[in-house]
Amino acid sequence: MTSSSGNTLSPAAAELGINMRKFSNDPLLLRLDMATYAFYKNLEDETDKKLMEIVARAANVNVNTRYARKKELKNYKQPGHDENTRNVRIKYRTCEENLLQSGTFDPVWGLKWLLSFVVLVDMPVLNSVDVSRLCELTEQWLDALVQKDIHEIADYILQLKELLQVARVELVCLRTLCEKLPGQFNNACSLLFGGDLKRVYVDSYLPKWAAELRARDTLDNQGQPVGKAGEESDSLVGGISRMSMTDAQECVAGIVPLGTKSQNRGSYDLRVQSIGSTTDVDSGLIPIQVCIFDRQQMKEQGEELTLFLEQSTAVDIRVGFTIEATLYRLDNGRHFIDSVTMVWPSYAPLDYSDIF
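Everything numeric in this text was worked out from a predicted model, so none of it was measured.

Each value, and the rule that gives it
- Residues numbered from 1 in each chain as written.
- Predicted model: local features only at pLDDT ≥ 70, side-chain atom pairs only at ≥ 80, totals over all residues.
- Heavy atoms only, no water.
- Pairing = 2+ DSSP bridges.
- Helix = DSSP H or I, 4+ residues; strand = E, 2+ residues; numbered from the N terminus.
- Axes fitted to C-alpha atoms, helices over the stretch in contact; angles between N-to-C directions.
- Contact = heavy atoms within 4.5 Å.
- 1 Å grid on protein atoms, 1.4 Å probe; cavity = no way out; pocket = protein on both sides within 12 Å on 5 of 7 lines; lining within 4 Å.
- Points joined across faces, edges and corners; volume = space filled by probe spheres on them.
- Nonpolar A, V, L, I, M, F, W, Y, C, P; charged D, E, K, R; others polar.
- Phe/Tyr/Trp six-rings, centres within 6.5 Å; stacked < 30°, edge-to-face > 60°.
- Buried < 20%, exposed > 50% of the residue type's maximum accessible area, 1.4 Å probe, protein only.
- Core = buried A, V, L, I, M, F, W, Y, C linked by side-chain atoms within 4.5 Å.
- Left-handed = near helix turned anticlockwise from the far one by under 90°.
- Polar contact = N/O pair within 3.5 Å; in protein donor to acceptor, adjacent residues only side chain to side chain.

**Topic: the sheet that holds strand β4 (residues 286-294)**
Spatial strand order, β5-β4-β3-β6-β7: 5 strands in an open sheet with antiparallel pairing. Because the sheet does not close on itself, it has two edges, and the strands there are β5 (299-309) and β7 (335-344). With direction set aside, neighbouring strand axes in the sheet form an average angle of 40 degrees. Across 9 bridges, strand β3 (residues 262-275) lies against strand β6 (residues 322-330) in antiparallel orientation. Across the sheet, the residue bridging to Tyr 268 is Ala 325, located in β6. Running at roughly 125 degrees to β7, helix α10 (residues 184-193) makes contact with β3, β5, β6 and β7 of the sheet.

What follows is the structure, given as structure tokens:
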């Protein structure tokens with residue numbers, strides 16, 4: 001996305017009634033900053049303000065630490081402050097040029113980054129209420145940018161809103177999924193056939209954001225624990241899996257012989273290709289077709305394989321999700337996973353770490 005001070009509007013901007021001349025001399029980053037800050041200041045709810053502080057990062061804007069000082073922005077375009085106005089424009093144009101060189105000054109990329117890396121890693125906000133409100137605020141903010149005649153946003157508005165619709169569904173699924181993976185069958189294989197559970201018998205791989213939210217969800221509004229005293233998670237007791245050897249053997253009975261050996265193939269990004277509509281005849285599990293994904297090249301490496309999940313876990317899987325996990329191959333040709341460290345939504349720009 002680049003600034004434009006010409007006299008030609010795109011069809012999308014013209015259809016939305018954009019008046020491009022209104023900010024014709026201002027850098028795009030400056031217009032985004034001013035419009036975003038105005039939207040933020042009009043919010044009354046403190047929770048909305050905190051969410052908006054996160055949302056603003058999609059436009060490379062920080063509503064609390066702006067690129068120019070408060071006094072400089074207050075005097076911007078005011079009579080008698082021509083030099084100040086020039087200096088502010090120079091500051092924002094310089095920052096904008098740096099962002100353009102980094103490849104991150106793009107509205108679609110920015111929203112994908114916000115709805116993946118930011119809300120999953122940097123600033124975990126995910127419960128169903130937070131997700132719904134964050135997406136709603138983002139849509140209102142995008143509309144506000146268009147109303148402020150920022151025609152560069154108008155060019156992408158349909159694509160941005162479609163992305164928000166996908167995120168509304170996928171982010172809620174991710175929260176649930178990260179609590180469930182790798183699933184009982186994969187846990188049983190790990191425990192019996194040489195995975196991480198067999199080595200340490202400890203589930204220490206819950207993603208950081210999911211662990212933080214699990215802890216937060218056990219407290220009431222006053223920060224006090226909820227539930228019965230001493231009550232433990234259904235799946236964990238002090239971080240140790242409840243699954244016993246007997247449970248694990250029953251889970252794999254008729255599917256994997258107990259003497260089976262496994263090979264640790266290493267940690268991979270596994271991109272979901274398809275989800276079985278019916279259970280596998282032999283195992284009674286849902287087959288999930290995945291491929292090994294190369295995030296540096298942002299493409300599949302070509303190898304496809306099948307994982308198996310319980311119906312209660314598979315229901316939250318979506319095509320395009322990327323699962324970070326350790327992959328194992330059993331002697332009978334089946335694969336299983338453990339050490340699931342992250343699940344990314346379908347739109348996540350996973351090459352982000354290579355930009356810097």
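**Thoughts on empty space enclosed by the protein**
For the coordinates displayed, the defined rule picks out 1 cavity of 30 Å³ or more. One number sums up the size of the largest cavity: a volume of about 110 Å³. Around the largest cavity, the lining comprises 16 residues; the ones closest to its centre are Ala 58, Ala 59, Pro 107, Trp 141 and Ile 153. The dominant element in the lining of the largest cavity, judged by the number of residues it contributes, is helix α7 (residues 128-147), at 4 residues. Its residues assigned to classes, the lining of the largest cavity shows 12 nonpolar, 3 polar and 1 charged.

**Observations regarding the packing of aromatic side chains**
Applying the stated criterion to the full structure yields 5 aromatic pairs. Aromatic side chains Trp 109 and Trp 113 sit 5.9 Å apart centroid to centroid with 15 degrees between the ring planes, which places their arrangement in the stacked category. Here the residue Trp 109 and the residue Trp 113 both occupy positions in helix α6 (residues 107-122), the gap between them amounting to 4 residues, near one helical turn. An identical accessibility class is assigned to Trp 109 and Trp 113; each is buried. On the basis of an interplanar angle of 35 degrees and a centroid distance of 4.6 Å, the ring pair of Phe 117 and Trp 344 is categorised as tilted. With a gap of 227 residues between them, Phe 117 in helix α6 and Trp 344 in strand β7 connect regions that are remote in the sequence. The same class applies to Phe 117 as to Trp 344, namely buried.

**So, the nonpolar core**
In this structure, Leu 32, Leu 115, Trp 141, Ile 153, Ile 323 and Val 343 are the most contacted members of the largest nonpolar core, which totals 80 residues. With 16 residues, the next largest nonpolar core counts Phe 185, Leu 191, Leu 192 and Tyr 328 among its residues.

**Here's the deal with the pairing of β6**
Of all the 9 residues making up β6, 8 are buried; the element is thus mostly covered by neighbouring parts of the structure. In terms of strand pairing, β6 meets β7 through 7 bridges, oriented antiparallel. Its bridge partner lying in β7, Glu 324 is registered against Met 342.

**Here we look at the environment of Ile 317**
Position of Ile 317 among the secondary structure elements: in the loop between α14 (311-314) and β6. The buried category is assigned to Ile 317, whose relative accessible area is 2%. In this structure the C-alpha to C-alpha distance between Ile 317 and Ile 288, which are 29 residues apart in sequence, comes to 8.7 Å. Other than its neighbours up to four places away in sequence, Ile 317 contacts Leu 177, Val 272, Ile 275, Ile 288, Leu 309 and Ile 323.

**Brief notes about the packing of α10 against helix α13 (residues 245-252)**
The interhelical angle for the contact between α10 and α13, taken along N-to-C directions, is 115 degrees, at an axis separation of 9 Å. Judged by the sense of rotation from one axis to the other, the crossing of α10 with α13 is left-handed. Across the interface between the two elements, Gln 184, Phe 185, Ala 188, Cys 189, Leu 191, Leu 192 and Phe 193 from α10 touch Met 245, Ala 248, Gln 249, Cys 251 and Val 252 from α13. Its residues assigned to classes, the contact of α10 with α13 shows 10 nonpolar, 2 polar and no charged.

**Points about the environment of Glu 170**
Within the secondary structure layout, Glu 170 lies in helix α9 (residues 157-180). Sequence separation of Glu 170 and Tyr 347 is 177 residues, and the distance between their C-alpha atoms is 9.6 Å. Among residues more than four places away in sequence, those in contact with Glu 170 are Arg 318, Phe 321, Pro 345, Ser 346 and Tyr 347. A distance of 2.8 Å separates polar atoms of two side chains, one belonging to Glu 170 and the other to Ser 346.

The analysis is restricted to geometry; functional conclusions fall outside its scope.
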